[in-house]
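# Analysis of the macromolecular model
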Amino acid sequence: MQAQSRRHRQEEIKMRLPKFLSSFAILLVLCQSTYASDIPYKEVKTFSLKNVFGTKSDWRVTAWQPVGNESDMGEVSARLCFWMQPAEQRKYCTSITSSLPNDGIVYHYQTAQGLEVVHPDAANPSAALLKFGARFFGGGSGSLDQVSFWYYDKKADAFEPSSHITLTEQGEYRLFDKGKLEGKLVTADAVLQVGETHFSPHHFYIEAYRYDAGHYTKILGYLTPTKYPSFEDTNTIDVIMPEIPRIEGLLTQFSQ
Amino acid sequence: MADGTPLAKSVYADLPEQTLRYLKRAEALLAKVKPEDWDKRTPHALHEIRLLVMAKTMAALASPQPYPPLYQQNRQRLAKETGDDFSDDEDGGGDDNSDSGDGADSSNGSRDGGDADFNSKHPRWPAGSPDSTGGEFMPKDGNADNDTPTPPAYHSAEYQVAQRTDVATDAVPANNQATVTVHSRTNITINNPDGSSVTRTGGSASWRNNNASNIISGNFADNHGAVGDNHGFAVFPDQATGDAASAALLRTSTYSGMTIDEAIAHRSPPEENDTKQVQENVKQIGDFTGNEIVGQLNQEQMSRLVNAIKQAEGYHAGTVTQTPARGN
């Protein structure tokens, strides 16, 4: 009798559990949406994507960034939103974040740094990517910039993430539209080694990417054999241009 | 505020509530100045009030004495310049909510124990007005010697270094009205409000900018006493203020729950390829494991952490050229 009663109670709990969980889930969603709507954002830039990408629907894009206490050092990310109806301008968005592998820290890129259309393939002028830059700043001596690229999927009539790069305050990137590196994306970022201080001269890690059908694919990576000055000695990081001959040489060597 | 110019963010940030009340009262008094009475002297007067409030705050933080030397000095100076000795009902520490019918803010209701009362008396403005090249006080009544204000000690960056040895102090500095002239990345001049200046040449960026942890310019730096920007990095009026800002950053809610490793990765975030050498340097220099919780560090450990960050960022001195204030 007691066993029967216990079983009955267990079944009752089993039946009630989904209801409880679904209520909890609804509450969670409500809390999240309230939280999201409470965060003050300012519209940084909005423009139509229809003409430049030839979209079927009237797609537009808006970059938002948090304001007030969250605009600088906050834990709220800048957002990139694709929309068609004004009512959806803040509805379908991507918050710009990153984290290192096996590391619990999530970087929220609070500040929008630029939103523009780029044409990565000179041979195919109609090829276009949307480029969005955002910056994380934690109040200290460094910052992170994330540059994300978004492509238009004609079949789905939607914009999808293509590729992204992340650079520290001691990094730089260039998109080449002519010369031997035409269509290449090249990045350089400082690598701190033993005995070096934050802004002393460093070796830099160079990466080169090739554009191919909406995506960037990494084709080269190396550590510069020479050190380049950083912010103790210079106003701007200038590594890629002096490294061009080496990049071109290595790409030629690898392509043979 | 009467002149439409908001107080610098660095003035308001993290001030004790009591000090904010004083500032609000001071501004309320200034707001009552009639337009026809408004002239160039008014911003200068406001500056004086700010200095008085700041001096009082600094003095209160530095000493339990009711009138420590710094406050006395500033008070005497202001008394000399304004002819007002601020002697009315301030020493008793009693209630000051009388307002004297001047309409100044009395909504706070409470009082902190008695000091200069901005509510009951409108200080007379000192003779002269700020000039157009940086707010230096220029006498205009023909008695230059008497009217040139004696630079108070707290205008001096070196004084701040001497007075504020505790890097964990995050009080807003009194010298937040200084300006910075960036001649080049490696050569800057900090212009103090009293007309004196300090040119810092060579050395590391952290030394030149009085910014040992290389805090990047922005709201945080502004709110913690930064007075300028040298190619993206904040410039602080003195080393102690820069150190205090560095400690204050680690005391924010963002950092207090982090381990030292996480805090370093947050304040100077590594790119994926980075070797996280800054973390290693800080741990080695400061003798930390990296797992210590920042918010649980005691005063000595916090000082050690700030110092380790300073060394990991790179710090070596260059050349200082001091120019005294005009008339000294």
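Attention in this report is confined to the structure presented alongside it. These numbers were taken from a predicted model, which means no experiment stands behind them. (Residues numbered from 1 in each chain as written. Chains lettered and ligands numbered in written order. Predicted model: local features only at pLDDT ≥ 70, side-chain atom pairs only at ≥ 80, totals over all residues. Heavy atoms only, no water.)

### Things to note about the pairing of strand β8 (residues 129–137) of chain A
Residues and elements named next belong to chain A. Of all nine residues in β8, eight are buried; the element is thus mostly enclosed. In terms of strand pairing, strand β7 (residues 111–118) meets β8 through seven bridges, oriented antiparallel. Bridge pairing in β8 links Leu 115 to Phe 132. Where β8 and strand β9 (residues 143–153) come together, eight bridges link them in antiparallel fashion. Residue Phe 137 lies in a different strand from β9, and its bridge partner there is Ser 143. (Buried < 20%, exposed > 50% of the residue type's maximum accessible area, 1.4 Å probe, protein only. Helix = DSSP H or I, 4+ residues; strand = E, 2+ residues; numbered from the N terminus. Pairing = 2+ DSSP bridges.)

### Some points on helix α11 (residues 260–267) of chain B
In terms of residue burial, α11(B) counts as a mostly covered element, since seven of its eight residues are buried. Residues of α11(B) that are buried: B:Ile260, B:Asp261, B:Ala263, B:Ile264, B:Ala265, B:His266 and B:Arg267. On its buried face, α11(B) is in contact with β6 (106–108) and β8 of chain A together with α9 (239–251), α10 (253–256), α12 (277–286) and α13 (299–313) of chain B. (Contact = heavy atoms within 4.5 Å.)

### What about the nonpolar core?
Soluble globular proteins: nonpolar side chains tend toward being buried together. In this structure, A:Ile247, B:Leu250, B:Val282 and B:Leu305 are the most contacted members of the largest nonpolar core, which totals 52 residues. When residues of this core are assigned to their parent elements, the largest contribution, six residues, is made by α13(B). With 25 residues, the next largest nonpolar core counts A:Leu130, A:Phe132, A:Leu144 and A:Phe159 among its residues. (Core = buried A, V, L, I, M, F, W, Y, C linked by side-chain atoms within 4.5 Å.)

### Structural notes on the interface of chain A and chain B
At the interface, 38 residues of chain A touch 36 residues of chain B. Summing both sides of the interface, chain A and chain B together bury roughly 2900 Å²; the carbon and sulfur share of this comes to 55%. Where chain A packs against chain B, one counts zero salt bridges. Counting across the interface, chain A meets chain B through 14 residue pairs in polar contact (both at pLDDT 80 or more). Looking at the side of chain A that touches chain B, its residues break down into 16 nonpolar, 14 polar and eight charged. (Buried area = accessible area lost by both parts, 1.4 Å probe. Salt bridge = Lys/Arg side-chain N within 4 Å of Asp/Glu carboxyl O. Polar contact = N/O pair within 3.5 Å; in protein donor to acceptor, adjacent residues only side chain to side chain. Nonpolar A, V, L, I, M, F, W, Y, C, P; charged D, E, K, R; others polar.)

### Brief notes about the packing of aromatic side chains
One pass over the full model with this rule turns up 12 aromatic pairs over all chains. Considering the side-chain rings of A:Phe53 and A:Phe159, the 5.0 Å spacing of their centres and the 90 degrees angle between planes classify their relative orientation as edge-to-face. Placement of the pair is A:Phe53 in helix α2 (residues 50–53) and A:Phe159 in strand β10 (residues 158–168), with a sequence separation of 106 residues. Since its relative accessible area comes to 9%, A:Phe159 is described here as buried. Consider the rings of A:Phe82 and A:Phe159, whose centres lie 5.0 Å apart with planes at 5 degrees: the pair is stacked. Taken together, the positions of A:Phe82 in strand β3 (residues 79–83) and A:Phe159 in strand β10 put the pair 77 residues apart, joining distant regions of the chain. As far as the burial class goes, A:Phe82 and A:Phe159 line up, both buried. Taken together, the ring pairs connect A:Phe53, A:Trp59, A:Phe82, A:Trp150, A:Tyr152 and A:Phe159 into an aromatic cluster. One Lys or Arg, B:Arg200, reaches over the ring of B:Trp207 and ends 4.1 Å from the middle of that ring. For B:Lys310, the ring lying beneath its charged end belongs to B:Tyr315, and the centroid distance is 4.3 Å. (Phe/Tyr/Trp six-rings, centres within 6.5 Å; stacked < 30°, edge-to-face > 60°. Lys NZ or Arg CZ within 6 Å of the ring centre and 35° of its normal.)

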